[in-house]
Amino acid sequence: MPHKQPPRKQSINIGRGARKRDEDSGTEVGEGADEWAQSKATVRPPDQLELTDAELKEEFTRILTANNPHAPQNIVRYSFKEGTYKFIGVVNQLAVHFSQVGNLIPKDSDEGRRQHYRDELAAGSQESTKVVISETEILEEEEEPKESEAEAETEAGSQIDMPAAEDRECQMEPPPRTNFSATANQWEIYDAYVEELEKQEKTKEKEKAKTPVAKKMGKMAMRKMTSMESQSDDITKVTQAAKIVERMVNQNTYDDVSQDFKYYEDAADEYRDQEGTLLPLWKFQNDKAKRLAVTALCWNPKYNDLFAVGHGSYDFMKQSRGMLLLYSMKNPSFPEYIFSSESGIMCLDMHVDHPYLVVVGHYDGNVAIYNLKKPHSQPSFHSSPKSGKHTDPVWQVRWQKDDMDNNLNFFSVSSDGRIVSWTLLKSELVHTDVIKLKVEGGTTDGLDGLQLHTVGCGTAFDFHREIDYMFLVGTEEGKIYKCSKSYSSKFLDTYDAHNMAVDAVSWNPYHTKVFMSCSSDWTVKIWDHTIKTPMFIYDLNSAVGDVAWAPYSSTVFAAVTTNGKTHVFDLSINKYEAICNQPVVAKKKNKITHVQFNPIHPIIIVGDDRGHVTCLKLSPNLRKMPKEKKGQEVQKGPAVEIAKLDKLLNLVREVKTKT
């Protein structure tokens, strides 16, 4: 800012100049003249600088800020997260010079109106007393003799005209109060819905049993019910909305897992030597099935996020109840459907054309069919000792194409040595024995020349993808029989497969000649059904519970062992060992029982003997597809997969012919 002389000095100089002009002109200054016009002496401080005109005209710029000059600038605070003192860069610059707590009340509020009313009453009482006092003075001047009477009248008037301000208060007992708190989880909500639905069904049954007169009386009583009660009973309208909201909440809860399922790809696979990993995603479990083992897994053929889990026990000394649960990846915290049974469920299968039909096999030899469209927990069809059933546990069931009359049918295999075909009629299950397993060389002569046959115990079977009548059966003796629906007494072929019970057999989804088997003798074997010796043998150092082919490749399969590990093989990458060996259960004591590939997504599900089902994502190395070459289109399809597996089998065949 430009430096200027003080205003007072300028005004003094101006006054002196005016005084000189007045003296020169010969005019006199009166007493009423401005005092600034009188002569005054210039007072200069001793330390004032002598500045030139250029220095006086020089400008100096100053910037004003709102910072508090007294605020500290070097504050440090201790950070418990990092364990050190951290410098605080932001300091509060606010300086409070004056503060006062007020109690202003708005005029329009209730308290403001009450104060205004009290002020008016007080002002009115003061005016009335003034009027009464003035009247008494007039009466005293006019009628002095009647002084006593006038005083009495004025006292009475003052008592009547002055309204006394009164404060009224009331006191009452406070209303009773209680603190209520509770937590609601998904299964409690679901149980409440189920109880409400059961109540509605019971009321409907009671109404059907009532007489017409009782129904009229019931209608009259229903009219008297309050609307609130009628609304609380009808919850079927909100079940679908509640299910959607529950899925939204779970999607928010497991958002990181959902993101990994959809988008995560393990970038470290590029630096691994053709090896892959399994990324754990969701873990499915239910308190009601906590002590039951996972005995069966099956994906729904229509809804790729839905799968069924069978619960039972493989220990024949600890047999109890069974459960059938259906989970969705959209809601991993609670099953979509829950069915319970008196006997343990050992196997299940879902129909391809009717995905709402689930067939299960029980430990007591019965089979049952559940209809997901019907909410009640009882199966739609159930075998019985009267209508016919297996005498030993049912180890596997499998839906087949409809018969000539378009009736649904399925097959079952049991330890009693029978392969049974079941047909669904309108109200019952009809069964026929397809084949009875007999151990070759197990015939002995009994009394009276009777021949006794040793029965083979079936443990697993699988039907050919193209040849409808052909299927494979694995037994407890370690043999695999190739059977036909047309021959009930003979086998097409017999394979000396394993030294212990065969736990699973499975045809390759692409190659019509190749199938795979696993056993408790620690081995997984791959076969060509035209050759009686295995093409590949893999020793996994533990009992193998289950095997499954990958749906996207003819050379990829997975196996699970009782030591808690999952093994993934790709024969086109490594013919000698697995490209992934990974433990997938929390504790070493947990035994993995089953594994299944998702038909669309690159994930697998594995179940253990503690009732847990874990979902795992395959890394890119475990699902390698053919690489694109410049100027060439990548060939895909069943023919390419068949040729890829044929190439490997031909190498093995050449080695076997040479030896």
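Keep in mind that what you see is a predicted model, and the values were worked out from it rather than measured.

S.K.: What exactly am I supposed to notice about the packing of aromatic side chains here?
M.R.: To describe a pair of aromatic rings, you give the distance between the ring centres and the angle between the ring planes. Counted according to the given criterion, the structure contains 27 aromatic pairs. A ring pair is formed by Tyr78 and Phe80, whose centres lie 5.2 Å apart and whose planes are at 85°; its orientation type is edge-to-face. Judged by centre distance (6.3 Å) and plane angle (10°), the rings of Phe536 and Tyr538 are stacked. A single burial state applies to Phe536 and to Tyr538, both of which are buried. Taken together, the ring pairs connect Phe536, Tyr538, Trp549, Phe557 and Phe569 into an aromatic cluster. When the ring centre of Tyr356 is taken as origin, the NZ or CZ atom of Lys373, which lies over that ring, is 4.2 Å away.

S.K.: In this structure, what is going on with the layout of surface pockets? I would like to understand it.
M.R.: It is the rolling of a water-molecule-sized probe over the atoms that shows where space remains empty. Estimates place the volume of the second largest pocket at around 1,200 Å³. Mapped onto the lining of the second largest pocket, the elements with two or more residues apiece are α5 (186–209), α8 (239–253) and β7 (337–341). In terms of residues, the lining of the second largest pocket owes the most to one element, α5, which gives eleven residues. Per-class residue counts for the lining of the second largest pocket are 17 nonpolar, eleven polar and ten charged.

S.K.: Sorry if this is basic, but what is going on with a negative patch on the surface here?
M.R.: On the surface, a cluster of negative charge is made up of Glu195, Glu198, Glu201 and Glu205. With relative accessibility at 44%, the residue Glu201 sits in the partly exposed group.

S.K.: Sorry, what's going on with the pairing of strand β19 (residues 470–475) here?
M.R.: Along any regular strand, the residues point their side chains to alternate faces of the sheet. Summarising burial for β19: six of the six residues are buried, a large majority. Taking every second residue as pointing to the same face, both faces of β19 are buried, with Met470, Leu472 and Gly474 on one and Phe471, Val473 and Thr475 on the other. Here strand β18 (residues 458–463) hands over to β19 after six residues, the two strands then running antiparallel side by side. Pairing geometry for β19 and strand β20 (residues 479–484), over five bridges, is antiparallel. Looking at the pairing, Val473 lines up with Tyr481 of β20.

S.K.: Quick question: what am I supposed to make of a nonpolar patch on the surface here?
M.R.: A contiguous nonpolar surface patch, about 660 Å² in accessible area, is contributed by Val76, Tyr78, Phe80, Tyr85 and Phe87. Elements with a minimum of two residues in the nonpolar patch: β1 (76–79) and β2 (84–87). Overall, the relative accessible area of 40% leaves Tyr78 in the partly exposed class.

What counts and how
Residues numbered from 1 in each chain as written. Predicted model: local features only at pLDDT ≥ 70, side-chain atom pairs only at ≥ 80, totals over all residues. Heavy atoms only, no water. Phe/Tyr/Trp six-rings, centres within 6.5 Å; stacked < 30°, edge-to-face > 60°. Buried < 20%, exposed > 50% of the residue type's maximum accessible area, 1.4 Å probe, protein only. Lys NZ or Arg CZ within 6 Å of the ring centre and 35° of its normal. 1 Å grid on protein atoms, 1.4 Å probe; cavity = no way out; pocket = protein on both sides within 12 Å on 5 of 7 lines; lining within 4 Å. Points joined across faces, edges and corners; volume = space filled by probe spheres on them. Helix = DSSP H or I, 4+ residues; strand = E, 2+ residues; numbered from the N terminus. Nonpolar A, V, L, I, M, F, W, Y, C, P; charged D, E, K, R; others polar. Patch = residues over 30% accessible without salt bridge, like charges linked within 9 Å, V, L, I, M, F, W, Y side chains within 5 Å. Areas by Shrake-Rupley, 256 points an atom, 1.4 Å probe, with all protein chains shown as cover. Salt bridge = Lys/Arg side-chain N within 4 Å of Asp/Glu carboxyl O. Lys, Arg positive; Asp, Glu negative; His and termini not counted. Charge placed at Lys NZ, Arg CZ, Asp CG, Glu CD. Pairing = 2+ DSSP bridges.

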